[in-house]
Amino acid sequence: VWAISNRGLCYGLLGFYKEAIQDFSKAIELKTERSSSFACRGIAYLALNQTDNANTDIEYAIELARQKYNENPDYCRNTFNLALYYLAKGDIEQAKCFYRDPLNRGVSVDLIREAVRDLTYFLTVFPGHQAAQMFKQGLEKRIKGQEND
């Protein structure tokens, strides 16, 4: 599943969204409870302006990640994922809340770097997305602040 999902991610970064959708669909067939596969497929659908499919996948990704969050709010990787999913949905306020939550919990620099990487991927698909740029800059500033401590 990991290899197929990563190939789908590579396809998406190269702008081959139909191929990305095929890989994410295969990953979903193999492991149906992985929120990131639904979110990535939803983002690929968004890139193709297939908003109904995109919304369905992103909503389901949010549902899966919310279940994990309710079970374990200290699992900050999931919380950052949830923030990204809300960003993809266009709910900037919810995204802001879920980006702040791990930071308030004192998340590690490594996890912040992963969140920045995810935003970098998102910005590759949607380079003009102002909220994503803002969140990325804020997280990068936080990394620099922690590294200087």
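Refer to the preceding data block for the structure.
Nothing here was measured: the structure is a model prediction, and the numbers come from that model. Starting afresh in each chain, residues are numbered from 1 along the sequence in its written order. pLDDT decides what is reported in this predicted model: residues at 70 or higher carry local features, side-chain atom pairs at 80 or more are listed and counted, and totals for whole chains, interfaces and linings draw on all residues regardless. Side-chain metrics in this entry use all non-hydrogen atoms of the structure; hydrogen atoms and water are not considered.

K.L.:
Mind showing me how you'd approach the overall build of the protein chain here?
P.N.:
Check the secondary structure of the protein chain and you find 8 helices and 0 strands. In this setup the radius of gyration rests on C-alpha atoms only. A globule is expected at 2.2 Å times the number of residues raised to 0.38. Against the globule reference of 15 Å for 149 residues, the protein chain gives a C-alpha radius of gyration of 15 Å, in line with a compact fold. In terms of overall dimensions, the protein chain has a C-alpha envelope of 45 × 35 × 30 Å along the principal axes. Burial classes: relative accessible area under 20% of the type maximum marks a residue as buried, over 50% as exposed, and values in between as partly exposed (1.4 Å probe, protein chains only). Counting the 149 residues in the protein chain, one finds 44% classified as buried. Numbering of helices and strands starts at the N terminus; helices are DSSP runs of H or I of at least 4 residues and strands are runs of E of at least 2.

K.L.:
Explain the nonpolar core to me, please; I cannot follow it from the model alone.
P.N.:
One recurring pattern in soluble globular proteins is that nonpolar side chains are buried together. Within the largest apolar cluster, 46 residues are counted, with the highest numbers of intra-cluster contacts made by Phe80, Leu87, Tyr99, Ile112, Leu119, Phe122 and Leu139. Only helix H2 (17-30), helix H3 (35-47), helix H4 (51-71), helix H5 (76-89), helix H6 (92-104), helix H7 (109-125) and helix H8 (130-147) provide two or more residues apiece to this core. Among the elements that take part in this core, H5 stands out by supplying 9 residues, more than any other. Between two residues, a contact is recorded if the distance between any of their heavy atoms is within 4.5 Å. Setting aside residues no more than four positions away along its own chain, Leu119 makes contact with Leu84, Leu87, Tyr99, Ala132, Phe135, Lys136 and Leu139. Only buried Ala, Val, Leu, Ile, Met, Phe, Trp, Tyr and Cys residues count toward a nonpolar core, and they belong to the same one when joined by side-chain atoms within 4.5 Å.

K.L.:
Whenever I open this one, H3 confuses me. Can you help?
P.N.:
Side chains that are three or four residues apart share a direction in an α-helix, a result of its 3.6 residues per turn. Given the number of residues in a helix, its expected span is that number minus one, multiplied by 1.5 Å. The terminal C-alpha atoms of H3, which comprises 13 residues, lie 18 Å apart, in line with the 18 Å expected from a rise of 1.5 Å per residue. For H3, the buried fraction is high: 10 of the 13 residues fall into the buried class. Regarding H3, the residues found buried are Ser35, Ser37, Phe38, Ala39, Arg41, Gly42, Ile43, Ala44, Tyr45 and Leu46. Summarising the contacts, the buried residues of H3 are in contact with helix H1 (2-13), H2, H4, H5 and H7. Phi turns positive, to about 60°, at Asn49, one or two residues after H3.

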